[in-house]
Amino acid sequence: MRVIKPAAAAWLLSLSSTAFAFHSSPSTQVQQRHAARRLDARRPIVAKPITSLSATADEEELATIQILMSDTGGGHRASANALRDAFNVLHETEPDRFPLKIHCDIVDIYTDYGPFFPYNQYVGLYKIMAEYSFLWKWFYEFGATPLGLWLNEFMLELTCFEPFKECLTRDPMNIDSNDKRADMVVSVHPLCQDLPLKILNSLDTNGQSRKEGRTTPFVTVVTDLGGAHPTWFNDGVDKCFVPSNVLKNAALARSVKLDKIVQYGLPIRRGFWRFGADYSGTPEQQNEAEEKLGVHHKPTIREQLGLLDMPTVLIVGGGDGMGGIVAQAQAVGEKLQKLAAASSSSFQMVVVCGNNKSAQTTLSPPQTQWGPDIEVNVQGFVNNMDEYMRASDILITKAGPGTIAEASICGLPCILSSFLPGQEEGNVPYVEENGFGCYKGSVDGIADTVEEWLAATAVTTEGSVLEQMRDCA
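Calculation criteria
Residues numbered from 1 in each chain as written. Predicted model: local features only at pLDDT ≥ 70, side-chain atom pairs only at ≥ 80, totals over all residues. Heavy atoms only, no water. Helix = DSSP H or I, 4+ residues; strand = E, 2+ residues; numbered from the N terminus. Contact = heavy atoms within 4.5 Å. Expected span 1.5 Å × (residues − 1). Buried < 20%, exposed > 50% of the residue type's maximum accessible area, 1.4 Å probe, protein only. Pairing = 2+ DSSP bridges. Axes fitted to C-alpha atoms, helices over the stretch in contact; angles between N-to-C directions. Phe/Tyr/Trp six-rings, centres within 6.5 Å; stacked < 30°, edge-to-face > 60°. Lys NZ or Arg CZ within 6 Å of the ring centre and 35° of its normal. Core = buried A, V, L, I, M, F, W, Y, C linked by side-chain atoms within 4.5 Å.

A. Spatial organisation of the environment of glycine 333. Mapped onto the secondary structure, glycine 333 falls in helix H12 (residues 325-343). In the structure, glycine 333 is positioned 43 residues away from valine 376 in sequence and 8.2 Å away in space, judged by C-alpha atoms. Those residues within four positions of glycine 333 in sequence are excluded, and the remaining contacts are Met349, Trp370 and Ile374.

This is the structure:
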């Protein structure tokens, strides 16, 4: 057994104050685009000795981070992947300041370690409740009451303590082994605070206490935007990262100390980090102006994606392809055809169906025949959403926080088609008040707004509507 050196522990804790600077907040994207240049810790915290880890003298020094999440929606895993990529970049681009290689162990703790129903079926239950929003609203609101919070904590500790302990003691380099634990734990899910903290208290005190004594660094990264469930916030963490003033206030209301709260942006996928995606050089050596004219030049991107260079509407249904994407695409396609015929213009629509293969089949020929004056490109799940967003002029999406942040980075006006009550409801005013989109809860309202925005650009003062929203984004 070996003890992690205090200097190494301090370095790991400093990551919790620096690594997340790579991810842009929609309201501060321009200012933070070169955040990699100013990664000095803003709120240093005192390192605690870590005594639960082991390694042989011949092993290469390696930092390990376990990221806890659940696939209840695509945003949590996307955030975990974004953090993993950011940790890799820290070491690759600034080895003098971040000398240790960093390995991330991303785990869906409920699916992989939940002992029985409902805990090991959270993903499937989420999809049902997201489809029937009244169910989501009831569970969300009850779970935010004092009784709901207590009941959730009580049942989790009663039934999941030992199974989740297996997760938190697994070797990040060999998940079938429990020889050593991660150097730091990061949560990107609202239900991954209370019980993991109790387990770490127990592990770090050799079972003497579940309430105190934790020495393993623990960080929460809140992946919601305009509103968040109370379970996100626990004062027992070392740092709690929030993306907005609304969530900073929510953390304070849950008694998280001010010096533990760090307000940065959301974790964003690597393709959205900068104008250029090449990290072979240092940030100072990259020429943003040249990158903007090259890598992200809209006609160039369209050509690379096999799209035509014309006004483009992008409709996305998230990784699960939910949100009435078929009806939306059909209504928007019909409206684009009428607008094209009336204005002698041509338009393009891209529909990303995610894993909804039924929607993809329904919207593709021969089941759907589109008008002669519009081009329609129907995709399934894609890994290059950054390119499709930068190739588009209007985005139609549910009010997911990650998608909104990514659209803002791309300067892409948004039409929000739906939201989950409570969790995503606050994202609607965030978009509307910042002036880069609106909410339309019906397919006719969505189609009419698309027509209004494109007609204003094509018929009246060129760019008057969309350009203003691009600037606001």
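B. Representation of helix H3 (residues 75-93) in the model. Its 19 residues place the ends of H3 26 Å apart at the C-alpha level, agreeing with the 27 Å of an ideal helix rising 1.5 Å per residue. Every buried residue belonging to H3 is among His76, Ser79, Ala80, Ala82, Leu83, Asp85, Ala86, Phe87, Val89, Leu90, His91 and Thr93, and all of these are buried.

C. Region of interest: the sheet that holds strand S6 (residues 261-263). Taken in spatial order, the six strands make up an open sheet running S2-S1-S3-S4-S5-S6, and their pairing is parallel. A single partner strand is all that each edge strand has here, and the edge strands are strand S2 (101-108) and S6. Sheet twist, expressed as the average angle between the axes of neighbouring strands with direction ignored, equals 20°. Judged from the three bridges that link them, strand S3 (residues 184-187) and strand S4 (residues 218-221) form a sheet pairing that is parallel. Its bridge partner lying in S4, valine 186 is registered against valine 219.

D. Representation of the packing of aromatic side chains within the structure. This structure, assessed with the given rule, holds 12 aromatic pairs. Ring plane angle 70° and centroid distance 6.5 Å describe the contact between tyrosine 132 and phenylalanine 134, whose orientation is recorded as edge-to-face. Relative accessible area serves as the criterion here: at 57%, phenylalanine 134 is assigned to the exposed category. Taking 5.5 Å as the distance between ring centres and 15° as the angle between the ring planes, the aromatic pair formed by tryptophan 138 and phenylalanine 142 counts as stacked. Of this pair, tryptophan 138 and phenylalanine 142 both sit in helix H6 (residues 133-143), four residues apart, which is roughly one turn of the helix. You can call phenylalanine 142 partly exposed: its relative accessible area is 31%. Joined through ring pairs, the aromatic side chains of Tyr110, Phe116, Tyr119, Tyr122 and Phe164 make up one cluster. Against the face of phenylalanine 161 rests arginine 210, its NZ or CZ located 3.6 Å from the ring centre.

E. Examining the nonpolar core more closely. Ranked by size, the top nonpolar core spans 34 residues in total, and within it Leu314, Met385, Met389, Leu395 and Ile404 carry the most contacts. Where this core is concerned, the elements lending two or more residues are H3, helix H11 (298-305), strand S7 (312-316), strand S8 (347-352), helix H14 (385-390), helix H15 (401-409), strand S11 (414-416) and helix H16 (427-433). Counting residues per element, this core draws most heavily on H15, which supplies four residues. Contacts of isoleucine 404, omitting those with residues within four sequence positions, involve Leu225, Ala399, Leu416, Asn427, Tyr430, Val431 and Phe436. Counting residues in each nonpolar core, the second largest holds 32 residues, with Val107, Ile109, Val237 and Ile261 among its members.

F. Main features of the sheet that holds strand S10 (residues 394-397). Taken together, the six strands give an open sheet; going across it, the order is S9-S8-S7-S10-S11-S12, and neighbouring strands pair in parallel fashion. Of all strands in the sheet, those bounded by a partner on one side alone are strand S9 (374-379) and strand S12 (437-439). With direction set aside, neighbouring strand axes in the sheet form an average angle of 15°. Where S7 meets S8, five bridges bridge the pair, whose relative direction is parallel. Its bridge partner lying in S8, valine 316 is registered against valine 352.

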